[in-house]
Amino acid sequence: MARAWQHPFLSVFRHFKVDEWKRSAKEGDVATVMDKTLKCTVYRVRGSVSASNYIQLPRTGTQSLGLTGRYLYVLFRPLPPRHFVIHLDVFTEDSQVIRVSFSSLFKEFKSTATWLQFPFICEAGTPRKDAAGVPPTGARWTCLQLDLHDLLLVYLNRRYGHLKSIRLCASLLVRNLYTSDLCFDPAVTAPEARRAKLPVTPMPREMAFPVPKGQSWHDRYVHIRFPSDSSKGVSTLGQKNGSLPEAGLSALCSTGSAALSSTAAFLGHVPRLLPHSAPFNKPTQSCRVPSAPRPLPEISMSCERLEVSSVGGPSGRGQEPSAWAEATDKCVNSTNVHVSAHELAVVPVAPEDVAPHEPPCREQSGQQAALGKNRFQQRSFLPDPILRLKGVIGFGGHSTRWVRRPMRLLACALWTKDGAAVVYPCHAVIVMLHVDTRQQRFFLGHTDKVSALALDGSNSLLASAQARAPSMLRLWDFQTGACLSLFRSPVHVVCSLSFSDSGALLCGTGKDRHGRTVVVAWDTAQVGRGGEAVLLTKVHTDADIQAFKVAFFDETRMASCGRGGVRLWRLRRGGLRSCAVDLGEHHALEFTDLAFGQDLDSCTLYVCGRSGHILEIDHQHMAVRRARRLLPTQTPSGPLPKRQTFSSGPGIAISSLSVSQVTCAVGSEDGYLRLWPLDFSSVLLEAEHEGPISSVCVSPDGLRVLSTTSSGHLGFLDVPSREYSVLMRSHTALVLALATKCRQEHLATVSQDHTVRVWDLVTLQQLYDFTSPKEAPRAVAFHPTQPTFFCGFSGGAVCSFSLEATEVLVEHRCHRGAVTGLATSPDGSFLFSSCSRGSLAQYDCAATQCRVLRVAANVVCQDAHMSPNALVVSGDSRLLAFVGPSKYTVTIMDTASLDELLRVDISALDGTSSRLDSAVAVCFGPAPPGHLLVSTSSNTVVVLDTTSGRMVRELSGVHPTACPSLALSRDGRFLLTAADRAIKVWDYLMQANLGCQVYIGHSEPVQAVAFSPNQQQLLSVGDAIFLWDILAPNERLPPGSVRGSPGAPPACEAGPGMRQLEDTVSGADGLPRWQVPVPSQASPPRLGPCAGLPEGGDGAFSVSDDEGPSEESHGPKGLRQASGSALLVKEADRVVDAACGAAGDSWGLSMPPHPCGQPSAQSPRRARAQPAAHPDSCEPFMSQGKASSLAKSVSSPPASSERLHLKAVVGYSGNGRANVVWRPDTGFFAYTCGRLVVVEDLHSGAQQHWLGHPEEISTLALSHDAQVLASASGHSSTASCGQIRLWEVPGGSCRQLISHRDPTVRALAFSPDDRLLITLGYDGDCTLALWSMSTYELLSSTRLPEPVHGVAFNPWHAGELACVGQGAITLWLLQQRGADVSLQVHRERIPEEVRAGKLTSLCYGAMPLLYCGSDTGQVCVWDTRACRCFLAWEADNSEIGVLLCSGVRLVSGSDSGRLRLWAVEAMLELRRKGSGARSSSVFMERELTLDGAIVSAVFHDSMDMGVAGSVAGTLWYINWAEGTSTHLISGHRSKVNEVAFSPSESHCATCSDDGSVRVWSLASMELVIQFQVLNQSCLCLAWSPPSCGRPEQQQVAAGYSDGTLRVFSISRTAMELKMRPHLAALTAIAFSADGQTILSGDKDGLVAVSRLCTGMTLRVLSDQRGAPISTIQSTSKEDGDFGVEGTDLWLAASGDQRVSIWASDWPQGHCELMDWLSFPAPALMEAPGCPVPSLAAFCPWDGALLVCAGLGVHREVIFYSLRHKQVVEKIPLPFFAVSLSLSPGARLMAIGFAECVLRLVDCTSGAVQDFAGHNDSVRLCRFTPAGRLLFTAAHREILVWEVTGC
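Residues numbered from 1 in each chain as written. Predicted model: local features only at pLDDT ≥ 70, side-chain atom pairs only at ≥ 80, totals over all residues. Heavy atoms only, no water.

Q: Honestly, the overall build of the chain in this entry has me stumped. Any pointers?
A: From N to C terminus, the chain includes 10 helices and 134 strands. Across the 1846 residues of the chain, 60% fall into the buried class. In the structure as shown, the chain presents an accessible area of about 70,600 Å², 50% of it carried by carbon and sulfur atoms. (Helix = DSSP H or I, 4+ residues; strand = E, 2+ residues; numbered from the N terminus. Buried < 20%, exposed > 50% of the residue type's maximum accessible area, 1.4 Å probe, protein only. Areas by Shrake-Rupley, 256 points an atom, 1.4 Å probe, with all protein chains shown as cover.)

Here's what the structure looks like:
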């Protein structure tokens, strides 16, 4: 719910005062204008660049709007002819920020984990194709209503928290924005709604658009609701004028424009926003559901079904999930309302019993009875219902996060009063199991896992609660199974329930949203008489509650136990009161369960605990009678317990107990159930279980003890016979797949709990259990004739198990990846398996020991999700079908020879769709007529002819999501589909108006469905195993026939949800693909032996060179066959006339050298206009914005007398490009950090630092012999030309200095023979220069007409190189005649089919291949001999900045942070095919996602390992074999603000604007701990002093930009304290001398004094208000020194040139101002944007001196005497100081300047030394406590200097 102040709606512009600059940001052309249509003032945002003209709320990204309303209403009008963009930043409940963008610029829907992009088409039917999203001149005012809750839930499966920020970008007019929890109708006024009694909420007057009298609202304005109430695809978008549609709630989005129909049909299912006009006509009864739940008639049905046409997208109803839970028993009072499948995707509806239940003493009205009779008569098939739940194999419930121990999930079970049956939960189903007959009865209705159960003493009422918050409670008639009452609990999550013996009182405990314990009591006396449960009281308590029970003898008395105590409760006068029992020495124990003594005159309460204690408590006198402890007793020869005793020592944790009149049953975590007499003298009986016991329950007669375990076992111990019986066994994790035995009623399942289990379908008992602790089972299949089954594992193994010998017969390891599919042929001849690496294996399983026959590589799709329908074999055992080699194709093979018979391109079946469709699962139909069913990603099921590949029929909108599992009955009558938690049964023989029935019972997504061997039952697995009876009568058909199967029905009979295809359909085949195919994940079939034969394997492998049929047609003209061409390459545009080049020469233009860099007279003309660059594209080199440049003159000391030596560098320049090099054979590894080249030994971590560049280094290049390293400096405001340095790798000396014409060098490359160096400039003239490496002379210089983004030499020809840039690729040929070098150039434009605006990266592959990456994520492959592009695929969805190739493997790195490894071994073969090449021959082997855009990468020649750098400043070690990425070098992402040291100098801590506090080891400078605070900047830091306590109690205090102060414990690696002493950002922080007080200053000039132990702020000093506090330092002094009291001396310096010195005694509350210094401000600033800070510090070698800098008008450091109150010394400086530090070990002073210079001053001799190593202002310098090291920081780079002579 929204906060009260936001209800009923909130005006965003008015509340946040958009007209005030402090509250909002307005950039660019933003103005207020008067709109004639609305007759009010609106904001106009316009401009050619949307990103530069916008309104943003709130002003900064660190703030948040905090708006919780579900709906956002945007009242705006697009401005032609420009596009507009709307960005919303939304917070989810799990604190994830999601950006949601709507723009007319977007062409298609895109989504990532943190960004949703929706295209907005301003008007339908736009005549020009290239202006589909541009607003027309008559664009109307629009009310855009966004359902933020459904938007996140549907597209990202996340829950909406609140709206963080809004940005409205040009070009548009905006009136206002509103948020509300109500769904308003803008076209209806309040008087109209009242007069017509419409069930709608009219738009408030403030939000409404004015409508002149006599006109319609829809004629003047547009209303868009997104997501719509019912996404009906094309049919919804093409609605005519008229009444609102019945089937959905999106009639407000219907249109009266006929032109929209064609546009909508083109869009298909791509999410787009389309404004429509819909006149409001007479309301229909079923057109709308109220926003708030209302009383509904009580009707429970067994199933819910719908017509195919009503299946759609997300529900847009205004009800909360809890309201949908209530709707499971109730329905809207209308004869036309249908519950459609899209509702089930949000909160599923549970199945009920077959007949509607009516509560006792409650009658239904005639209208309600008619509703129950007619509700599902339309579009159905008989019988209705067709399924009935017969049995459930499973046990267990919900494990809440409030319970500490993992075993305390709801695995409890209850006895009935007569002891004949037990009641237990199985996830969302409650089961009553008769212990003798094993028959089950179900309580159905919960939509999520059951979290608590309770049964009253008379067995008339059963209470249950479900886990989803807010928890819903149900009260059941236990005898009939009817749900008597459904209500919402005031508790966020209910953990336990307890009935009084009479059933008149129900108590529940749980947690609220804040984690506080809550106890609730309801009056349930009237529930069985037709009344409702009445809430009596709700109490919050600080006590921990693990168990809560109502006394059976007095329903007003209760007891609870938990950690640290036992409490007795009493209900009196409508209130609950409690009192703690005095436990004495046992007060600190953790208690787990309790039970009241069963004697009526007994006043004993039994309580057990994790320590093994059992306490007997007199609950009348509230005293402990006895305390016993369960202890293990060791036998002399072994560790097994011999006898349990009660004495001292370590105890056995007891999880549950239950008491009868004579015995006490105890269940413990050692797996034992023990039965004791009430005096606990000796154990009567004990039973050992396989896992820890979670609950025990003694039957009312005391003869049976029920026990449950955390391993999923339910059983009971019969006391008279001393026998233990297992009632139910269960998987303890998600069930992944199933298989049935044809000739026996056996079922095999595999689960994530690493077990394979075989079940008897008749008794539902477990027969076999196989456990694999190392590898998880993934797939299973029975042998059709032998008593064996096969199982595939995550490690690639395929094992054969014998059911007779219960052992593994044989194990095969032909797969390198996890097994994704298993299938056996029905005749028992073959077994097939597939893996995640794309391989397919064939086995001969006719014999007992199956053997491998063939292994085909790269034939199965690799990126497909694991599915039980991954591999299927036809019923006649002749055909094998699977998804592959890419997810867009389905392949059919011959089972005996594995010859490819047919390959169907699923993405080409629907030529009108604008998105690529992929296959998800496959299933064969009955042998005649031979159909293959394919489930696709567009939520359809396509039926294909297995001979021709022709699409016979199509079922659209089968599920809201893709269907991963489907099954067709043996007679072809029924089709089963499963997706999410829903199972659908379809009458497959119906040709038109196909109907289905929907069944929901699983609480987790259904993983697989199948028919039983006798076809009379249905199996579904997920959280549990469900067995359903099929109620349809058997229909006998002639042998070999299927009713209704021959032929397809006429097109006129096809319903709206099913499309029939004729052979004469236009465009069915023969047309080229308009979109470049997305990369597939597998190559064409490559048969051959696997990597190695298993030991002892005698499998025969065959090798085949046949790739199967190519592009020949396999059917009639209407067949849509997969296109064999990846793209259509047009003839390249020549850049010069034909006369310019020799005949037959591919090199066109001859370019002589130009020493001055002048362009040739015959410059190539520009390429054609290309699409705009990707919005996330990054430039090749981005120099960080520096405040100043390096000083022109510094006093560098001689190398022999330097007092500072650079020891280490922390950080990596992520803004560079190709700035890391690595040679694995020599171990040479180098990267850049600012203006330094860092050479690091990867084994020892030792560093060398090559300094010489005056500016930041942009790129590196290593010669092929690894002897020369070239580095280039980047752009600078002072540098007129770039600088290139050539370094000797062995010695580290600079061999040569070269000046480049361009200020920025973007790329360097050595020729293959290392004789030439090519340099590519970026700014200025964009020059391509060629240098001789022998003479270092410029051989050739060519000024390029437009920017070029990359250059590379051909490794196979030293005289060829290539450049990529805007719209074209340029190939250069070097010709050298004597000393003259000339370049011939040939330019080829990018084919239009590639759809790339520019090429951004390149690399050479096998001769003569050249790979190029583009700004749109495409990778295109060029034949450099023929100068043509013959293949392209979509390798990413963002710009590709890095490409590396070696042999048959290619690595691509993109701006999205994805690093991908591709197998490109088929490229040379594809080159020979030319335009017939298929992108499906390229598949991705591995993918890793790093922490930012990939800017650099270098790999071993084998491409198995390498190093990659990201824009976040991190270097990663990549291991493709293991699929891992490891940090090599990491630094802060943003500016470093402070560094602090531990007293022992073992560690240091740094803080940064990125919100992190990082703790480093000083010995190795490796990151040890990191504390991260999101959306905040950490501005200051302090380490606790040595006097604070023991070393293990060290703490770090950090101040943040939101005014908070956090204290972190180093030893516990946790935050210990958080307080907010300031309202403004903290800028300085310090500990007092004793470490118990923290001093903090903020940017407003306030200094707060806070106590560490209490977190309270003692006082706030405002003496320096008005300027930010820049420095706070504290030291100790003698009491009475300087004439003042106190032992602490501290100072505070502020930005207004003032320093205050204080003396204090914090334990006594004394604080006194001792001195005050004030100086005039400097008259001139060197850097106006960076004011000079006020620096002050106590002198470590003389406690009476104060050292100050930045104070006054002079550039100097002053020494001020606190005793004499005067300046005693001044040291002049060349610049104003921006940082200052004094060494405690020697009289040294370090000063940092904004001119990138660090100065070291010897205060004894006055000698100074300057050091230039940083690339920015040295804003931080700090000596370690001993003075041996000096840390300096500039922006995000940290340098560690070693101080000599200390």
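Having put the structure on the table, let's press on.
Q: Could you clarify how one ought to interpret the sheet that holds strand β119 (residues 1657-1661) in this entry?
A: Each strand in a sheet pairs with its neighbour through backbone hydrogen bonds, running either in the same direction (parallel) or in the opposite one (antiparallel). Across the sheet, which stays open at both edges, the 4 strands sit in the order β116-β117-β118-β119 with antiparallel pairing between neighbours. Lying at the two open borders of the sheet, with one neighbouring strand each, are β116 (1626-1631) and β119. Averaged over all pairs of adjacent strands, the angle between strand axes in this sheet comes to 20°, irrespective of strand direction. (Pairing = 2+ DSSP bridges. Axes fitted to C-alpha atoms, helices over the stretch in contact; angles between N-to-C directions.)

Q: Can you help me understand the sheet that holds strand β67 (residues 931-936) in this one?
A: One open sheet holds the 4 strands; their spatial order is β66-β67-β68-β69, and the pairing between them is antiparallel. Because the sheet does not close on itself, it has two edges, and the strands there are β66 (919-924) and β69 (951-955). Strand-to-strand twist in this sheet, taken as the mean axis angle between neighbours without regard to direction, amounts to 20°. In the sheet, strand β68 (residues 941-945) pairs with β69 via 4 bridges, with the strands oriented antiparallel. By the bridge assignment for β69, L944 is matched with M951.

Q: Sorry if this is basic, but what is going on with unusual backbone geometry here?
A: For residues besides glycine, phi is generally negative; the peptide bonds are generally trans as well. Looking along the chain, the bond that leaves F226 and enters P227 is cis, with omega of -10°. Looking at where P227 falls in the secondary structure, it is placed in the loop between β16 (221-226) and α5 (234-237). G884 connects to P885 through a cis peptide bond whose omega is 0°. For P885, the location among the structural elements is in the loop between β63 (879-883) and β64 (889-894). The backbone phi angle of Y1336 is positive, close to 60°, even though this residue is not glycine. Among the structural elements, Y1336 can be located in the loop between β90 (1327-1332) and β91 (1338-1343). Phi at M1565 takes a positive value of approximately 55°, unusual for a residue other than glycine. Along the chain, the position of M1565 falls in the loop between β110 (1556-1561) and β111 (1567-1572). Overall, M1565 belongs to the buried group, its relative accessible area being 16%.

Q: Help me understand the packing of aromatic side chains, please; the structure alone is not making it clear to me.
A: How two aromatic rings sit relative to each other is given by the distance of their centres and the angle of their planes. Tallying each qualifying case throughout the model produces 46 aromatic pairs. Ring centres of F1229 and Y1231 lie 5.7 Å apart, and the angle between their planes is 45°; this geometry places the pair in the tilted category. Y1231 shares its class with F1229; the two are buried. Relative to F1831, the ring of F1541 has its centre 5.1 Å away and its plane inclined at 70°; by these criteria the two rings are edge-to-face. One end of the pair, F1541, is in strand β108 (residues 1536-1541); the other, F1831, is in strand β133 (residues 1829-1834), and 290 residues separate them in sequence. Each residue in the set F102, F109, F118, Y155 and F226 is aromatic and connected to the rest through ring pairs, giving one cluster. (Phe/Tyr/Trp six-rings, centres within 6.5 Å; stacked < 30°, edge-to-face > 60°.)

Q: Got a minute to help me understand the environment of V998 in this structure?
A: Considering the arrangement of structural elements, one finds V998 in strand β73 (residues 995-1000). Sequence-wise, V998 and K984 are 14 residues apart; in three dimensions their C-alpha atoms are separated by 4.6 Å.

Q: What is the right way to look at the environment of V758 in this model?
A: Note on placement: V758 falls in strand β52 (residues 755-760). Remark: the alpha-carbon pair of V758 and F789, spanning 31 residues in sequence, is separated by 9.7 Å. Excluding anything up to four places from it in sequence, V758 contacts H746, L747, A748, Q765, Q766, L767, Y768, F782, F789 and L803. (Contact = heavy atoms within 4.5 Å.)

Q: Just to check I follow, could you spell out helix α2 (residues 148-155) for this structure?
A: Counting along an α-helix, one turn takes 3.6 residues, and residues three or four places apart therefore face a common direction. Here α2 lies mainly inside the structure; 6 of its 8 residues are buried. Taken together, the buried positions of α2 are occupied by L148, H149, D150, L151, L152 and L153. One or two steps after α2, the chain reaches N157, where phi turns positive at roughly 55°.

Q: Is there a simple way to explain the pairing of strand β48 (residues 713-718) in this structure?
A: Consecutive residues of a regular strand have side chains that alternate between opposite faces of the sheet. Taken across its 6 residues, β48 has 6 buried, putting it largely inside the fold. Burial along β48 is two-sided: the face carrying H713, G715 and L717 and the face carrying L714, F716 and D718 are both buried. Here strand β47 (residues 704-709) folds back onto β48, and the loop between the two strands holds 3 residues, one of which, G712, carries a positive phi near 90°. In the sheet, β48 pairs with strand β49 (residues 723-729) via 6 bridges, with the strands oriented antiparallel. Looking across to β49, one finds that F716 is bridged to S725. Taken together, β48 and the strand that follows it, β49, pair antiparallel across an intervening segment of 4 residues, in which R722 is found at a positive phi of about 60°.

Q: Would you explain the pattern of salt bridges in this entry?
A: Side chains that differ in sign of charge can pair as their charged atoms come close. Overall, the coordinates contain 45 salt bridges when judged by the stated rule. Here D554 makes a salt bridge to R557, at a shortest N to O gap of 3.2 Å. One salt bridge in this structure joins R625 and D618, with 3.3 Å as the shortest N-O distance. Among the charged side chains, a network of salt bridges with common partners joins R563, E590, R610 and E669. (Salt bridge = Lys/Arg side-chain N within 4 Å of Asp/Glu carboxyl O.)

Q: Whenever I open this one, the nonpolar core confuses me. Can you help?
A: Membership of the largest hydrophobic core comes to 51 residues, with the highest contact counts inside it found for V422, Y424, L706 and L714. Per-element accounting of this core gives the leading share, 5 residues, to strand β76 (residues 1025-1030). Those residues in contact with V422 that sit more than four places away from it in its chain are L414, W415, V431, M432, L433, V435, L706, L714 and L727. By size, the runner-up hydrophobic cluster in this structure holds 41 residues, among which are Y43, I86, F102 and V222. (Core = buried A, V, L, I, M, F, W, Y, C linked by side-chain atoms within 4.5 Å.)

Q: Can you walk me through a negative patch on the surface in this structure?
A: On the surface, a cluster of negative charge is contributed by E1678, D1679, E1685 and E1712. For E1685, the location among the structural elements is in the loop between β120 (1669-1676) and β121 (1688-1694). Take E1685: its relative accessible area is 54%, and that puts it in the exposed class. (Patch = residues over 30% accessible without salt bridge, like charges linked within 9 Å, V, L, I, M, F, W, Y side chains within 5 Å. Lys, Arg positive; Asp, Glu negative; His and termini not counted. Charge placed at Lys NZ, Arg CZ, Asp CG, Glu CD.)

Q: Sorry if this is basic, but what is going on with the pairing of strand β27 (residues 493-499) here?
A: Of all 7 residues that make up β27, 6 are buried, and the element is covered over most of its length. Strand direction decides the pairing type here: β27 and strand β28 (residues 505-511), joined by 6 bridges, are antiparallel. Bridge pairing in β28 places S498 opposite C507. Taken together, β27 and the strand that follows it, β28, pair antiparallel across an intervening segment of 5 residues, in which G503 is found at a positive phi of about 80°.

Q: Looking at this model, I keep getting lost on the environment of L803. Mind explaining?
A: The residue L803 is located in the loop between β56 (798-802) and β57 (807-812) in this model. For the pair formed by L803 and Q786, sequence separation is 17 residues and the distance between their alpha carbons is 9.3 Å. If near-sequence neighbours (up to four positions away) are discounted, L803 is found in contact with V758, Y768, F782, P787 and F789.

Q: I keep staring at the side chain of S1496 and nothing clicks. Help me out?
A: Of note, S1496 is situated in strand β104 (residues 1494-1499). Among the polar contacts made by the side chain of S1496, one reaches the side chain of N1219 at a distance of 2.7 Å. Not counting chain neighbours up to four residues away, the residues in contact with S1496 comprise Y1212, R1217, A1218, N1219, V1220, V1442, V1507, A1508 and G1509. (Polar contact = N/O pair within 3.5 Å; in protein donor to acceptor, adjacent residues only side chain to side chain.)

Treat this as a map of the structure, not an account of what it does.
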